[in-house]
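Architecture at a glance
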Amino acid sequence: MAYFEIPKLSRMVSKVWLRNWDVFMKTFKVNFVPPFIEPLLYLFALGFGLGTFIEDIDGISYARFIAPALIAISIMNSSFFECTYGSYVRMYYQKTFDAIIATPLSIEEVIAGEILWGATRSFINAVIMLVVISFFGLIEFPSSLLIIPFSFLGGLLFASIAMCFTATSPNINTLNYPSFLFISPMFLFSGTFFPLSVLPDPVRYFAIAALPLTHVVSIVRSLTLAAPGEFILFSLLWIVVVSLVLFVLAVNLMKKRLIV
Amino acid sequence: MVVVEVPVIEAHGLRKQYGDFVAVDDVSFSVNEGEVFGFLGPNGAGKTTLMKMIQCVSPKTGGKLEVFGMDVDTHPREIKKLMGVVPQDSNLDPDFSVYANLMVYSRYFNIPHADAKAMTEELLDFVQLKEKKDTIIEYLSGGMKRRLVLARGLINKPRLIILDEPTIGLDPQARHLIWDKLKSLRAQGITVVLTTHYLDEASQLCDRLVIMNQSKILVEGKPDDLIKKYIGTDIVEVEENPAAIKCLEREGTKYEVVRGMIQIYTNHPREMTAALLSNCDLGKITARSATLEDVFLKLTGRKLRE
Ligand SMILES: Nc1ncnc2c1ncn2[C@@H]1O[C@H](COP(=O)(O)OP(=O)(O)O)[C@@H](O)[C@H]1O
Ligand SMILES: [Mg+2]
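Residues numbered from 1 in each chain as written. Chains lettered and ligands numbered in written order. Predicted model: local features only at pLDDT ≥ 70, side-chain atom pairs only at ≥ 80, totals over all residues. Heavy atoms only, no water.

Examining the coordination of the magnesium ion (ligand 2)
Residue and element names in this part refer to chain B. Selection rule: Note on donors: an N, O or S atom is included if it sits within 2.8 Å of the metal, or within 3.2 Å for Na, K and Ca, and water is never included, so sites can look incomplete. The secondary structure listing takes helices from DSSP runs of H or I that are at least 4 residues long and strands from runs of E that are at least 2 residues long, numbered from the N terminus. In this scheme, a residue with accessible area under 20% of its type's maximum is buried, one over 50% is exposed, and one in between is partly exposed, where area comes from a 1.4 Å probe on protein chains only.
The coordination sphere of the magnesium ion (ligand 2), as far as protein atoms go, consists of Thr48 (OG1) and Gln88 (OE1), spread over 2.0 to 2.2 Å. Taken together, the residues span a long stretch of sequence, with threonine 48 in helix α1 (residues 47–54) and glutamine 88 in the loop between β6 (83–86) and α3 (98–107) at a distance of 40 residues. By relative accessible area, threonine 48 is classed as partly exposed at 25%.

Next comes the structure, spelled out in structure tokens:
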């Protein structure tokens, strides 16, 4: 079976998305707390705490420097964890996918719906964080409003990456590896809490070539500072291409795993 | 106009391999509109694998398989639209209540909301779960879960429903409740296909059935016909002992020794028992009706449930 066969999708994908939305809304009060609290914790500890010992970075206060990174990290985490642990539980423990593919929906549509849902989680969390952070006057408007649509695209990227791991993980515990070996380093080395420019060249190039968060941070930061960097188009292109390729790969890997 | 009767399911030389392992081997059968068709066989016979191919969720390795006259490989969506499914593992959605399970499922069939609501109410009534409407799946008993899965399988008003071990693990009362529901589906003209390793279930419910063992179909027919053909109506049983065998040989009575029991297949149990009692000294002797289990035992030398 081909790894890059283009999946045939229909509007029925939305039914899978809707199922997850319904579950989410049943507990929405709980779901809305983390994206509310998280930026506050980081802003106070790093921005206003640690930040008082840090000189401006390129003429920007440390709090203003990390504010976009917090949004980017949230975009990454929301969809990544939704489409790893969340999807794995639905696939393996709840047999939700099995139940759905006995209906007119195909496995391709189920996986596409899951990935779109993951992206939606990023979107929801990014919007909440945007509101919270804007109260501290750390981001520029109206350019920052573009983060709202962008968060969905960034979410698609990390949801697709996550689904590839979910499709190939022998059990739920092995999902810890991508969390620790991929997500954690990205959290630190993607121009999040210090600029990429302080890194040695090879590491910096690696971050640009292979760490998706680098591109998400770079775009979000351009938007919150209302200062489009030279890389913004390159980053956007990188995200679109990688998202598309990994989306297709994720669907095919899942098909391989579940259709026996 | 010429009406050609198309079987609801038609399989010819159907095969399924998992790697090198052949799970379904050159199987042929056809299921007619409106009948209850059973697949009886022990665990591992290949029943679930076969059902999954019919449900278009597991691709066949070879052979022909058509449902409603459509090929499972090329028309899965059309077939699945017309079919209801009760899988072996009740994969209900634990994130939802009883009611929401049916409503969410109805969306996968694109059933308009108002119709789905009416259908859900009707089905909850049918499977006697109205009072449990708002209960979370976790708190349902095994029998209730099975009934809810049955209701879920009916949400799209299917012409064909496939049930994989519909009563597995249920107590007798819960099983009979399911049987009643299946009988009433049959009365509505819905084609019912079921698998089971309970012979009473097979003989009670099925108009026709096949007996499967080790990936193959052994025989096909009406339950009573199969029993008559392979056994006779009754079985007279005696515990195995040399004296009894000697006597039977002398009398020229045909018998088989199965698992420590001498079995005499007959259509006239009274006469046979009387004759044996007067001619041979057999000790304890019992006569009983023959069952599908006896057919299976005769054909394979194994019991259905080891
Ligand atoms: N996904 C699979 N991969 C490999 N072997 C399988 C798979 N599913 C079932 N089998 C094997 O196929 C045989 C038939 O299984 P199954 O169809 O579940 O039988 P039944 O439903 O009659 O108990 C069994 O030996 C089982 O171990
Ligand atoms: Mg089975």
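Considerations on the domain arrangement of chain B
Just so we agree on the cut-off: Residue ranges for the domains originate in an automatic or database domain assignment.
Once the domains are mapped, chain B shows domain 1 (9–222) and domain 2 (232–289). Just the C-alpha atoms count here: the centres of domain 1 of chain B and domain 2 of chain B sit 41 Å apart.

Things to note about the sheet that holds β6(B)
Residue and element names in this part refer to chain B. The cut-off we apply is this: When DSSP locates at least two bridges between a pair of strands, those strands are taken to pair. Interaxial angles span 0 to 180 degrees and are taken between N-to-C directions of axes, which are lines fitted to C-alpha atoms, for helices over the stretch in contact.
The strand order across the open sheet built from 6 strands is β6-β7-β8-β3-β9-β10, with neighbouring strands paired in mixed fashion. Edge strands, defined here as strands with exactly one partner in the open sheet, are β6 and β10 (216–221). The sheet shows a mean angle of 15° between the axes of neighbouring strands, taken without regard to direction. Pairing of strand β9 (residues 208–213) with β10, which is carried by 5 bridges, proceeds in the antiparallel orientation.

Looking at a nonpolar patch on the surface
Residue and element names in this part refer to chain A. Quick reminder of the rule: A patch consists of residues whose relative accessible area exceeds 30% and which take part in no salt bridge; residues with like charges are grouped when within 9 Å of each other, and nonpolar side chains (Val, Leu, Ile, Met, Phe, Trp, Tyr) when within 5 Å. Per-residue accessibility takes into account occlusion by the displayed protein chains alone, with areas from the Shrake-Rupley method and a 1.4 Å probe. Think of a salt bridge as a Lys or Arg side-chain nitrogen and an Asp or Glu carboxyl oxygen that are within 4 Å of each other.
Judged by side-chain polarity, Tyr3, Phe4, Leu237, Val241 and Val245 come together as a nonpolar surface patch covering roughly 480 Å² of accessible area. Here tyrosine 3 lies in the segment before α1 (13–26). Judged by its relative accessible area of 40%, tyrosine 3 is partly exposed.

Description of the nonpolar core
Rules: Residues belong to a common nonpolar core when they are buried Ala, Val, Leu, Ile, Met, Phe, Trp, Tyr or Cys residues joined through side-chain atoms within 4.5 Å. By definition, residues are in contact when any of their heavy atoms lie within 4.5 Å.
Val216(A), Ile9(B), Phe29(B) and Leu50(B) are the most contacted members of the largest nonpolar core, which totals 168 residues. When residues no more than four places from it in sequence are discounted, the contact partners of Leu50(B) are Leu14(B), Val24(B), Val27(B), Phe29(B), Phe39(B) and Met212(B). Membership of the second largest hydrophobic core comes to 12 residues, among which are Val238(B), Ala244(B), Ile262(B) and Ile285(B).

Section: the site of ligand 1
Applicable threshold: One heavy atom within 4 Å of a molecule or strand is enough for the residue carrying it to be called near that molecule or strand. Under this definition, polar contacts are N or O atom pairs within 3.5 Å; protein pairs additionally need one hydrogen-donor-capable and one acceptor-capable atom, and for neighbouring residues in sequence, both atoms have to be side-chain atoms. Under the convention adopted here, Pro, Cys and the residues Ala, Val, Leu, Ile, Met, Phe, Trp and Tyr are nonpolar, Asp, Glu, Lys and Arg are charged, and Gly plus all remaining residues are polar.
Lining the immediate surroundings of ligand 1 are Val260(A), Tyr18(B), Phe21(B), Ala23(B), Pro42(B), Asn43(B), Gly44(B), Ala45(B), Gly46(B), Lys47(B), Thr48(B) and Thr49(B). Mapping the residues adjacent to ligand 1 onto the chains of the assembly identifies chains A and B. In the model, an oxygen atom of ligand 1 is placed 3.2 Å from a nitrogen or oxygen of the Ala45(B) main chain. Only β2 (21–31) and α1 of chain B provide two or more residues apiece to the shell around ligand 1. The dominant element in the shell around ligand 1, judged by the number of residues it contributes, is α1(B), at 3 residues. Along the lines of polarity and charge, the residues of the shell around ligand 1 split into 6 nonpolar, 5 polar and 1 charged.

Comments concerning the sheet that holds strand β12 (residues 256–258) of chain B
Whether parallel or antiparallel, the strands of a sheet pair through hydrogen bonds between backbone atoms. Residue and element names in this part refer to chain B. The 4 strands are arranged β12-β13-β11-β14 in an open sheet whose pairing can be described as antiparallel. The sheet is open, and its two edges are formed by β12 and β14 (285–289), each paired on a single side. Neighbour-to-neighbour, the strand axes of the sheet open up by a mean angle of 30°, direction not taken into account. Relative to strand β13 (residues 261–266), strand β11 (residues 234–239) runs antiparallel, the two being bridged by 6 bridges.

Observations regarding the environment of Arg121(A)
Residue and element names in this part refer to chain A. Residue placement: arginine 121 occurs in helix α6 (residues 107–134). Using a relative accessible area of 14% as the deciding quantity, one classes arginine 121 as buried. Taking the C-alpha atoms as reference, arginine 121 lies 9.8 Å from asparagine 31; in sequence the two are 90 residues apart. With sequence-adjacent residues up to four places away left out, arginine 121 is seen in contact with Phe24, Ser78 and Glu82.

As for the packing of helix α8 (residues 223–230) of chain B against helix α11 (residues 292–300) of chain B
All names here are of chain B. Stated precisely, the cut-off is as follows: For classification purposes, an angle smaller than 35 degrees is called roughly parallel, one larger than 145 roughly antiparallel, one from 65 to 115 roughly perpendicular, and anything else oblique. When the near helix sits turned anticlockwise from the far one by under a right angle, the crossing is termed left-handed; a clockwise turn instead gives a right-handed crossing.
Where α8 meets α11, the axes come as close as 9 Å, and the angle between the chain directions of the two elements is 50°. The pairing of α8 with α11 is recorded here as oblique in orientation. Read as a crossing pair, α8 and α11 show a hand that is left-handed. For the pair formed by α8 and α11, the contact residues are Pro223, Leu226, Ile227 and Tyr230 on the first element and Leu292, Val295, Lys298 and Leu299 on the second. When its residues are assigned to classes, the contact of α8 with α11 shows 7 nonpolar, no polar and 1 charged.

Points about unusual backbone geometry
A cis amide bond links Phe141(A) to the next residue, Pro142(A), at an omega of 5°. Despite not being glycine, Lys95(A) shows a phi value in the positive range, around 55°. Here Lys95(A) is to be found in the loop between α4 (62–93) and α5 (96–101). Look at Asn110(B): it is not a glycine, yet its phi comes out positive at around 60°. Within the secondary structure layout, Asn110(B) lies in the loop between α3 and α4 (113–126).

With respect to the side chain of Ser235(A)
Residue and element names in this part refer to chain A. Along the chain, serine 235 falls in helix α11 (residues 232–258). Exposure remark for serine 235: the relative accessible area of 2% places this residue in the buried category. Here the side chain of serine 235 touches histidine 215 through a polar contact of 3.0 Å, side chain to side chain. Every residue in contact with serine 235, bar those within four places of it in the chain, is listed here: His215, Ser218 and Ile219.

Observations concerning the interface of chain A and chain B
Heads up, the rule is: Two parts placed together each lose some accessible area under a 1.4 Å probe, and adding up what both lose gives the buried area.
On the side of chain B, 23 residues touch chain A, which itself brings 24 residues to the contact. Buried area between chain A and chain B, summed over both chains or domains, comes out near 2100 Å², and the portion from carbon and sulfur atoms is 56%. Together, Ala102(A), Pro104(A) and Val260(A) form the three largest contributors to the area buried by chain A at its contact with chain B, with a combined 27%. Where chain A touches chain B, the interface holds 4 salt bridges. The shortest N-O distance in the salt bridge between Arg19(A) and Asp93(B) comes to 2.7 Å.

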